[in-house]
Amino acid sequence: MGPPGAGKGTQGALLAEALALPKFATGDLLRDAVRRGTPLGVRARAVMEAGHLVSDDIILGVIGDELARPEAQGGVILDGVVRTVPQAEGMATLLGERGRRIDHVLFFDVSDEEILGRIERRRTEEGRADDDPAAVAVRLRAYREQTAPVVDWYEARGVVRSVNAVGTLDAVAARVREALGIS
Ligand code: AMP
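Residues numbered from 1 in each chain as written. Predicted model: local features only at pLDDT ≥ 70, side-chain atom pairs only at ≥ 80, totals over all residues. Heavy atoms only, no water.

Student: Can you tell me about the pattern of salt bridges, naming the residues and giving the values?
Tutor: What the rule picks out here adds up to 15 salt bridges. Here Glu71 makes a salt bridge to Arg69, at a shortest N to O gap of 2.6 Å. Judged by relative accessible area, Arg69 falls into the partly exposed class, the value being 35%. Put simply, Glu120 and Arg123 hold a salt bridge, and the shortest N to O gap is 3.5 Å. One end of the pair, Glu120, and the other, Arg123, are both in helix 6 (residues 112–126), three residues apart, so they sit about a helical turn from each other. Taken together, the shared-partner salt bridges connect Arg122, Arg128, Asp130, Asp131 and Arg139 into one network. (Salt bridge = Lys/Arg side-chain N within 4 Å of Asp/Glu carboxyl O. Buried < 20%, exposed > 50% of the residue type's maximum accessible area, 1.4 Å probe, protein only. Helix = DSSP H or I, 4+ residues; strand = E, 2+ residues; numbered from the N terminus.)

This is the structure we're talking about:
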């Protein structure tokens, strides 16, 4: 977890590779659905482009499908999930029904100033529609109002590991491994 541009996608991919686990990113999945014009993509597109969060029902449906996949049975790295307290509650139920749980929540700690610089760079490099300044402002507000409280929700359950997310890719990756107690 962490604000947009905190490095969740990049570090999640490295961690998934290091642990040989699949990475499941709702943002990537939704962007793919939008590109392919599936019913999910059609429902999500305008909401995403404006920088708002997609509804909890849609997200929980997507998560349920992903967790049921055979390759997810040995564990998964989740990226960009969960983003609201109802999603956290729904996810706990989905996992509980399968006799599973969240082991660790990595919180990527980074200042607003750094975030804005990173998103601007990403906009130039990747051209994501929701990286334009108006959508970024909405995404940051959604993060503060809806997602930041989820960190407290997990904190109360003792699973949050905070990581200083400013530094080189390798330095942050090393901190992630240290936070999880893996070498
Ligand atoms: P991301 O790539 O994780 O920044 O996600 C891009 C966009 O997809 C977000 O701004 C939301 O519109 C949507 N999205 C991705 N994950 C979620 C989620 N867990 N809950 C609600 N919306 C999401």
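From this point on, the discussion continues.
Student: Go over the layout of surface pockets, please, and point to the residues and values.
Tutor: Counted as a void, the second largest pocket has a volume near 200 Å³. Around the second largest pocket sit Arg31, Val34, Arg35, Arg45, Met48, Glu49, Arg128, Ala129 and Asp130, which together line it. Put simply, the parts of the chain that give the lining of the second largest pocket at least two residues each are helix 2 (26–36) and helix 3 (39–50). The residue inventory of the lining of the second largest pocket, partitioned by class, reads three nonpolar, no polar and six charged. (1 Å grid on protein atoms, 1.4 Å probe; cavity = no way out; pocket = protein on both sides within 12 Å on 5 of 7 lines; lining within 4 Å. Points joined across faces, edges and corners; volume = space filled by probe spheres on them. Nonpolar A, V, L, I, M, F, W, Y, C, P; charged D, E, K, R; others polar.)

Student: Can you explain the side chain of Thr147? Please cite residues and give values.
Tutor: Residue placement: Thr147 occurs in helix 7 (residues 133–155). A polar contact is formed between the side chain of Thr147 and the backbone oxygen of Arg83, at a distance of 2.8 Å. Beyond its immediate stretch of four places on either side in the chain, Thr147 contacts Met1, Leu53, Val82, Arg83 and Ala142. (Polar contact = N/O pair within 3.5 Å; in protein donor to acceptor, adjacent residues only side chain to side chain. Contact = heavy atoms within 4.5 Å.)

Student: Can you lay out unusual backbone geometry for me, pointing to particular residues and giving the numbers?
Tutor: For residues other than glycine, phi is negative in most cases, and the peptide bonds are mostly trans. For the peptide bond that leads from Val81 to Val82, omega is 0°, which places it in the cis range. Here Val82 lies in the loop between strand 2 (77–79) and helix 5 (85–97). In this structure, Ala20 takes a positive phi of about 55° despite not being glycine. Examined against the element boundaries, Ala20 turns out to sit in the loop between helix 1 (8–19) and strand 1 (23–25).

Student: Can you explain helix 5? Please cite residues and give values.
Tutor: The end-to-end C-alpha distance of helix 5, which contains 13 residues, comes to 19 Å, matching closely the 18 Å that a straight helix rising 1.5 Å per residue would cover. Looking at the buried side of helix 5, the elements it contacts are helix 4 (56–67), strand 2 and helix 7. For helix 5, the capping residue at the N-terminal end is Thr84, with a side-chain oxygen 3.1 Å from the backbone nitrogen of Gln87. Just beyond helix 5, the residue with positive phi is Gly99, at close to 70°. (Expected span 1.5 Å × (residues − 1).)

Student: Give me the packing of aromatic side chains: which residues, what numbers.
Tutor: The tally for this structure, following the rule as stated, stands at one aromatic pair. On the basis of an interplanar angle of 85° and a centroid distance of 5.1 Å, the ring pair of Trp153 and Tyr154 is categorised as edge-to-face. Above the ring of Trp153, the side-chain terminus of Arg157 is found at 3.5 Å from the ring centroid. (Phe/Tyr/Trp six-rings, centres within 6.5 Å; stacked < 30°, edge-to-face > 60°. Lys NZ or Arg CZ within 6 Å of the ring centre and 35° of its normal.)

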